[in-house]
Amino acid sequence: MIEIELDGKKVQVAEGSMVMHAADAAGTYVPHFCYHKKLSIAANCRMCLVEIEKAPKPMPACATPVTQGMVVRTNSEKAQRAQKGVMEFLLINHPLDCPICDQGGECQLQDLSMGYGGVASRYSEEKRVVFHKDVGPLLSMEEMSRCIHCTRCVRFGQEIGGVMELGMVHRGEHSEITTMLGNSVDSEISGNMIDLCPVGAITSKPFRYQARTWELSRRKSVSPHDSTGANLIVQVKANKVLRVVPFENEDVNECWIADRDRFSYEALNSPSRLTQPMIKQGGQWQAVDWNTALGYVADGLKRVIAEFGPQGVGAIGSAHSTVEELHLLAKLVRGLGSQSIDFRSRHADFANTAPAGRARWLGLPIAALSTLDTALVVGSFLRKDHPLFAQRIRQAARHGARVYSLSASREDWAMPLAGHLTALPSAWHGALAEVAAAVAAAKGVAAPVAAQPGEAAQAVAAALVAGEHKAVLLGNAAAQHPQASALLALAQWLGEQTGAAVGYLGEAANTVGAQLVGALPGEGGLNAGQMLSQPMKALLALNLEPVLDAADAAAARAALGGSGLVVALSPFQDAMADVADVMLPIAPFTETAGSFVNAEGRLQSFQGVVRPLGDTRPAWKVLRVLGNLLGLPGFDQDSAEAVRAEAIGDAASIASRLDNTPAAASGTPVLRQGALERVADVPIYATDSLVRRSPPLQLSADARVPRVGLPSSLWRQLGLAKGDKVMVAQGQGAVLLAAREEPWLADGAVRVAAGHPDTVALGALFGPITVEKA
């Protein structure tokens, strides 16, 4: 530690720190624009000039290292004169358009100009003009004359996003920020540039001209999308959500959120919102009141049980639903005498469950991802599946961590990778077994599975054996894989032998919570795969779009078409209108209280921030009333807190219930050797009902109509050229889609997205597939 004197106070900071860090430690504010605690130091705005004793001129606090005994004055006449001079230069070309600027009221330049700006300008020449840029549906760069060249956006892209989509061109007064790789900004975390921009140069395009910042009320919430559990500030005006920004939590999302966390709120005001209960009569939907709708459902369930027994009733909930909702759904089904309750609609290996009352989880704190030395990521489209986890692992890689992937695709994760194990899905178990065999040879122990490790597997093994902070992370595709149990067993063996943490990245906001509250089939109950592949006498679907969310979309459509009573609890009228008999409007996360348990096992609760739309009701209340109508005991809770206490118990006990102990592995090969195999990703803006209905997200590059990805060998074999289409067949279905050559795919792999309307005619996420040139 080094001690300096700052404005007359003694301050101790670590060696290598800058004066700005010392000021932060002392609670002293030094004006700045380009400095940001999460970005590299650029020192190009010069607003943070301070006086340092014995220095011939003012020095930038952000880029001046501390030395023992240094004397710093941040508020002296010399420092203030320098800061005011910089402010005058910054304002020379800045347009005087604060009244029409979306940044007005929360603008760093506006704030600092009050303290350091002059009352009149001495500059009489023409101001420079920078033409606007259209960079996509999310960011607005239409007033780039406001830019002060702090380069925060440029550094964010390079260092946090991993892609330099923006950069500075030209010199002097001709300098401007512009796109570097194309005409749009397509990063999955690009919206953070809005928060970083200290002026009104980069603003939110969907929020543009909607409200003034002082008109908005602010409420804390939690993202309902991926397993990070990003903390949010939801901003509201006139009972309408108008903006979502990050709430800083260093242990979870730091100060970032993904674009789907930021812009999915646009779906909340979608015309497809279901605002009153509806019953299908004679093939036509009729709006009814809640008493009629719930009475109809209760009577229907009683008739099914009387005629077919309790086993005729089943329920599937989405892991994007809250702890409270899933608990009451499971309690309702079990109260009726059925054990058919599940949330794993995209899974194939249903034997891969934690012991009763326990849950699969990340295996380490989220914050620890940033400090890993070695990571092996198995079966994940990491960058799009988990944008914020990818960002943390990217930071580890930038600091020297060795990151390896095992998947069917060597796609760009926007980070330096030490190596790839590229294999067809049916060969993932064999590839992981090779790594285990190499570790066994290095440790002098018996391998769990006989295998001959190749060079790539040996490199992964050597890194796992040598590293200090290391992890084997199983992605969404590994969790949904037909051999999920076998993959977890090998991963756990690797963890035991190398000291690596082992865990699942997690598919949805409440995947861990769904397991903890027992939203899993009991003895004799049907799992989600069975309920979505055979007609049910009665099926409750909570916050689900079964066809888009199923492992086998074609089978799900056929099963639902032949089912008896299908009850959809959904915020959206088009989610299940074609297959449901009753639609009950439930509140999305902004209109209800609830809790999610994120990948690391952190329970996070939130309150509704706006009143429910129309006759919408919180799902936990709907399930409670339905339980009462069915005469079931234990449905007398009067608050979400009471339901949560019953569902989770003591939140402090969650840590003791997290368990990645593998179940018995079947080891059955997925496919016959030599077949083309489907590789199915769920596009980032097709993962749940909210992002699917957010107009700005659906206009982005990641929401384009899916194309069939083919490896170079198959591309040449079929004689394809750019722009050609192919007929893809799987099971009983076939679709015609545009093709794209993807040299990074494993030979024999065919990449076709799931969760998209254009591909629902196809079969399972994993399995044989055929491709023909159209």
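This is a predicted model, so every value here is computed, not measured.

Scoring rules and cut-offs
- Residues numbered from 1 in each chain as written.
- Predicted model: local features only at pLDDT ≥ 70, side-chain atom pairs only at ≥ 80, totals over all residues.
- Heavy atoms only, no water.
- Buried < 20%, exposed > 50% of the residue type's maximum accessible area, 1.4 Å probe, protein only.
- Helix = DSSP H or I, 4+ residues; strand = E, 2+ residues; numbered from the N terminus.
- Pairing = 2+ DSSP bridges.
- Salt bridge = Lys/Arg side-chain N within 4 Å of Asp/Glu carboxyl O.
- Domains from an automatic or database assignment.
- UniProt positions renumbered as here; feature names shortened; annotations may be inferred.
- Core = buried A, V, L, I, M, F, W, Y, C linked by side-chain atoms within 4.5 Å.
- Contact = heavy atoms within 4.5 Å.
- Phe/Tyr/Trp six-rings, centres within 6.5 Å; stacked < 30°, edge-to-face > 60°.
- Lys NZ or Arg CZ within 6 Å of the ring centre and 35° of its normal.
- Patch = residues over 30% accessible without salt bridge, like charges linked within 9 Å, V, L, I, M, F, W, Y side chains within 5 Å.
- Areas by Shrake-Rupley, 256 points an atom, 1.4 Å probe, with all protein chains shown as cover.
- Polar contact = N/O pair within 3.5 Å; in protein donor to acceptor, adjacent residues only side chain to side chain.
- Axes fitted to C-alpha atoms, helices over the stretch in contact; angles between N-to-C directions.
- Parallel < 35°, antiparallel > 145°, perpendicular 65-115°, else oblique.
- Left-handed = near helix turned anticlockwise from the far one by under 90°.
- Nonpolar A, V, L, I, M, F, W, Y, C, P; charged D, E, K, R; others polar.

Participant: Any chance you could explain the pairing of strand β1 (residues 2–6) here in plain terms?
Facilitator: Here is the key point about a regular strand: its side chains alternate between the two faces of the sheet. Judged by which residues are buried, β1 turns out to be one-sided: I2, I4 and L6 face inward and are buried, whereas E3 and E5, on the alternate face, are not. Inspection of the sheet shows β1 paired to strand β2 (residues 9–13) by five bridges, in the antiparallel sense. Its bridge partner being in β2, E5 is matched across the sheet by K10. Hairpin connection from β1 to β2: two residues lie between these consecutive antiparallel strands, with D7 at a positive phi of about 50°. Examined bridge by bridge, β1 and strand β5 (residues 71–73) share two bridges and lie parallel to one another. Counterpart to L6 in the pairing with β5 is V72.

Participant: Would you mind showing me how to read the sheet that holds strand β16 (residues 341–342) here?
Facilitator: Sheet strands associate in pairs through backbone hydrogen bonding, adopting either a parallel or an antiparallel arrangement. The seven strands are arranged β14-β13-β24-β23-β22-β15-β16 in an open sheet whose pairing can be described as mixed. Of all the strands in the sheet, the pair left with one neighbour each is β14 (284–287) and β16. As judged from the five bridges shared by strand β15 (residues 313–317) and strand β22 (residues 538–542), these two strands associate in the parallel manner. Each residue of the ladder has a partner; that of G317, found in β22, is L542.

Participant: What is the right way to look at the pattern of salt bridges in this model?
Facilitator: Scanning the entire structure with this criterion turns up 38 salt bridges. With its nearest N and O atoms 3.2 Å apart, the salt bridge here joins R260 to D226. Highlighted residues: R260 in helix α6 (residues 259–263) and D226 in the loop between β10 (217–222) and β11 (231–237), separated in sequence by 34 residues. In this pair, the class of R260 matches that of D226, namely buried. Several salt bridges share partner residues, and in doing so they unite R346, E545, D549, D574, R692 and R693 into one network.

Participant: Before we go on, may I ask you to explain the domain arrangement of the protein chain in this structure?
Facilitator: Along its sequence, the protein chain is carved into domain 1 (2–92), domain 2 (131–267), domain 3 (278–349 + 522–645), domain 4 (366–504) and domain 5 (677–773). Taken over C-alpha atoms, the centre of domain 1 sits 43 Å from the centre of domain 4.

Participant: Explain the UniProt feature "domain: 4Fe-4S Mo/W bis-MGD-type" (unreviewed entry) in the protein chain to me, please; I cannot follow it from the model alone.
Facilitator: Annotation from UniProt places "domain: 4Fe-4S Mo/W bis-MGD-type" (unreviewed entry) at residues 216–272. Overall, residues 216–272 shows 9% helix and 35% strand. The separation of its end C-alpha atoms is 25 Å.

Participant: Explanation requested: the nonpolar core in the structure shown.
Facilitator: As a rule of thumb, soluble globular proteins bury nonpolar side chains together. Membership of the largest hydrophobic core comes to 95 residues, with the highest contact counts inside it found for F33, M47, L166, I202 and V241. What V241 contacts, discounting residues up to four positions off in sequence, is V234, Q235, V236, Y265, L268, N269, T590, V609 and V610. Counting 56 residues, the second-largest nonpolar core is a separate cluster that includes A293, V333, F343 and A519.

Participant: What exactly am I supposed to notice about the packing of aromatic side chains here?
Facilitator: Under the counting rule described, the total for this entry stands at three aromatic pairs. Taking the centre distance of 6.3 Å and the plane angle of 85° together, the rings of W428 and F766 count as edge-to-face. Here the residue W428 occupies a position in helix α11 (residues 428–443), and F766 occupies one in the loop between β31 (749–751) and β32 (770–773), the gap between them amounting to 338 residues. Judged by its relative accessible area of 13%, F766 is buried. With a centroid separation of 5.2 Å and 35° between ring planes, the pair formed by F596 and F606 is classed as tilted. Here F596 is found in strand β25 (residues 594–597), whereas its partner F606 is found in strand β26 (residues 603–606), with ten residues between them in sequence. Across the pair, F606 and F596 agree in class, each one buried. Just above the ring of F207 sits the side chain of R243; from NZ or CZ to the centre is 4.4 Å. Against the face of F635 rests K331, its NZ or CZ located 5.3 Å from the ring centre.

Participant: I would appreciate a short explanation of the pairing of strand β29 (residues 725–730) in the present structure.
Facilitator: Residues V726, V728 and Q730 line the buried face of β29, whereas the alternating positions K725, M727 and A729 sit on a face that is not buried. Pairing analysis gives six bridges linking β29 to strand β30 (residues 733–741), with the strands arranged antiparallel. Each residue of the ladder has a partner; that of K725, found in β30, is A738. Connecting β29 to the next strand, β30, in antiparallel fashion are two residues, including G731 with a positive phi near 65°. Here β29 pairs with β32 via four bridges, running antiparallel. Bridging from a neighbouring strand, V728 pairs with V771 of β32.

Participant: Honestly, a nonpolar patch on the surface in this entry has me stumped. Any pointers?
Facilitator: Together, M164, M180 and L181 give the surface a local cluster of nonpolar side chains, amounting to about 290 Å² of exposed area. Positionally, M180 belongs in the loop between β8 (176–179) and α5 (192–196). Take M180: its relative accessible area is 38%, and that puts it in the partly exposed class.

Participant: Just to check I follow, could you spell out the environment of S227 for this structure?
Facilitator: You can see S227 is positioned in the loop between β10 and β11. In this structure, the C-alpha to C-alpha distance between S227 and I305, residues 78 residues apart in sequence, is 36 Å. Only 3.3 Å separates the side chain of S227 from the backbone oxygen of G506, close enough to count as a polar contact.

Participant: It is not clear to me how the packing of α11 against helix α14 (residues 484–498) should be interpreted in this structure. Could you clarify?
Facilitator: Helix packing geometry: the angle between the two helix axes and the distance between the axes. At a closest axis distance of 10 Å, the pairing of α11 and α14 adopts a crossing angle of 20°. As far as their axial angle goes, α14 and α11 are roughly parallel. Considering how the two elements wind past one another, α11 and α14 form a crossing that is left-handed. On α14, the residues that touch W428, H429, L432, A433, V435, A436, V439, A440 and K443 of α11 are A486, L487, L490, A491, W493, L494, Q497 and T498. For the contact of α11 with α14, the per-class residue count stands at 13 nonpolar, three polar and one charged.

Participant: I would appreciate a short explanation of the packing of helix α8 (residues 323–335) against helix α19 (residues 619–629) in the present structure.
Facilitator: Here α8 crosses α19 at 20°, and the two axes come no closer than 8 Å. Regarding the angle of α8 to α19, the classification is roughly parallel. In the packing of α8 onto α19, the handedness of the crossing is left-handed. Along its contact with α8, which presents E324, E325, L328, L329 and L332, the element α19 presents A619, W620, L623, R624, L626 and G627. A per-class count over the contact of α8 with α19 returns seven nonpolar, one polar and three charged.

Participant: Would you mind going over the sheet that holds strand β4 (residues 59–60) with me for this structure?
Facilitator: Spatial ordering of the open sheet is given by β2-β1-β5-β3-β4, a layout of five strands whose pairing is mixed. Strand pairing shows two members of the sheet lacking a second neighbour, β2 and β4, which therefore form its edges. Direction of pairing for strand β3 (residues 49–52) relative to β5: antiparallel, over a ladder of two bridges. Across the sheet, the residue bridging to E51 is R73, located in β5. The sheet contacts of helix α1 (residues 19–26) involve β1, β2, β3 and β5, and relative to β2 the element is tilted by about 115°. Of the strands in this sheet, β3 and β5 are in contact with helix α2 (residues 77–92), which crosses β3 at around 160°.

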